[in-house]
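Understanding the architecture of this molecule
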Amino acid sequence: MYTGTRDREVQLLKKLWCGERVVCPKCGQAELTYLHKKAKKSSCDWICPACGEIYRTIRMLRGLPED
């Protein structure tokens, strides 16, 4: 997890999937951008241009702990 709690992780996923601007939870220095910028690639992966951390949202969702 990137945010420390399940609720915050869910909020992060919702913001990314809704297209809202999200600052990198790891470094806090830059907004996340699409990892794949071509239309044929998945829009579920994000990257921080400052620290290079990759956020793969499907993996994040699968890795969420139960309540």
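Up top is the structure.
Residues numbered from 1 in each chain as written. Predicted model: local features only at pLDDT ≥ 70, side-chain atom pairs only at ≥ 80, totals over all residues. Heavy atoms only, no water.

Some points on the environment of Gly 52
Defined as follows: Numbering of helices and strands runs from the N terminus, with a helix taken as a DSSP run of H or I at least four residues long and a strand as a DSSP run of E at least two residues long.
With respect to the helices and strands, Gly 52 occurs in the loop between strand S2 (45–47) and strand S3 (54–56). Between the alpha carbons of Gly 52 and Thr 5 there is a distance of 22 Å; along the sequence they are 47 residues apart.

Here we look at the packing of aromatic side chains
Centre distance and the angle of the planes are the two values used to describe a pair of aromatic rings. Test applied: Here a Phe, Tyr or Trp ring, Trp counted by its six-membered ring, pairs with any other such ring whose centre lies within 6.5 Å, and the pair is stacked when the planes are under 30 degrees apart, edge-to-face when over 60, and tilted otherwise.
In the structure shown here, the tally under the stated rule is two aromatic pairs. Here Tyr 2 and Tyr 55 contribute two aromatic rings whose centre-to-centre distance is 4.3 Å and whose plane-to-plane angle is 50 degrees, an arrangement assigned as tilted. Note that Tyr 2 is positioned in the segment before helix H1 (6–17) and Tyr 55 in strand S3, a separation of 53 residues in sequence.

Some remarks on H1
The line we're drawing: Expected span, for any helix, means 1.5 Å times one less than how many residues it has. When accessible area is computed with a 1.4 Å probe and restricted to protein chains, residues below 20% of their type maximum are described as buried, those above 50% as exposed, and intermediate ones as partly exposed. The arc in question is the one traced by the directions running from the helix axis out to the C-beta atoms.
Taking 1.5 Å of rise per residue, twelve residues should cover 16 Å, and H1 covers 17 Å from first to last C-alpha, within 8% of that figure. For H1, the full list of buried residues reads Glu 9, Leu 12, Leu 13 and Leu 16. Seen from one end, H1 has its buried residues packed into an arc of 95 degrees, which puts them on one side. Structural note: H1 exposes Asp 7 and Arg 8 on the side pointing more than 90 degrees away from its buried face.

Overview of the side chain of Glu 53
For clarity, the cut-off: Polar contacts here mean pairs of N or O atoms no more than 3.5 Å apart (in protein, one a potential hydrogen donor and the other a potential acceptor; neighbouring residues in sequence count only if both atoms are side-chain atoms). Contacts were defined at the residue level, with two residues in contact if any of their heavy atoms lie within 4.5 Å.
Locating Glu 53 in the fold gives a position in the loop between S2 and S3. With relative accessibility at 18%, the residue Glu 53 sits in the buried group. A distance of 3.5 Å separates the side chain of Glu 53 from the side chain of Tyr 2, its partner in a polar contact. In this structure, Glu 53 is in contact with Tyr 2, Lys 26, Trp 46, Ile 47 and Cys 48, ignoring residues within four places of it in sequence.

Description of the sheet that holds strand S1 (residues 33–34)
As a reminder, the rule being used: In this analysis, strands are considered paired if DSSP registers two or more bridges between them.
As summarised here, the arrangement of the three strands in space is S1-S2-S3, forming an open sheet in which the pairing is antiparallel. The two strands at the open ends of the sheet, each matched to only one other strand, are S1 and S3. As defined by bridge partners, S2 adjoins S3 across three bridges and the pair is classed as antiparallel. Within S3, the residue paired with Ile 47 across the bridge is Ile 54.

Here's the deal with the state of the cysteines
So the rule is basically this: For the purposes of this analysis, a disulfide is any pair of cysteine sulfur atoms at a distance within 2.5 Å.
Counted by the stated rule, this structure contains zero disulfides. Free of any disulfide, Cys 24 has its nearest cysteine sulfur in Cys 48, 3.7 Å distant. According to the relative accessible area criterion, Cys 24 is buried, its value standing at 3%. Cysteine Cys 48 remains unbridged, with the sulfur of Cys 27 as its closest cysteine sulfur at 3.6 Å.

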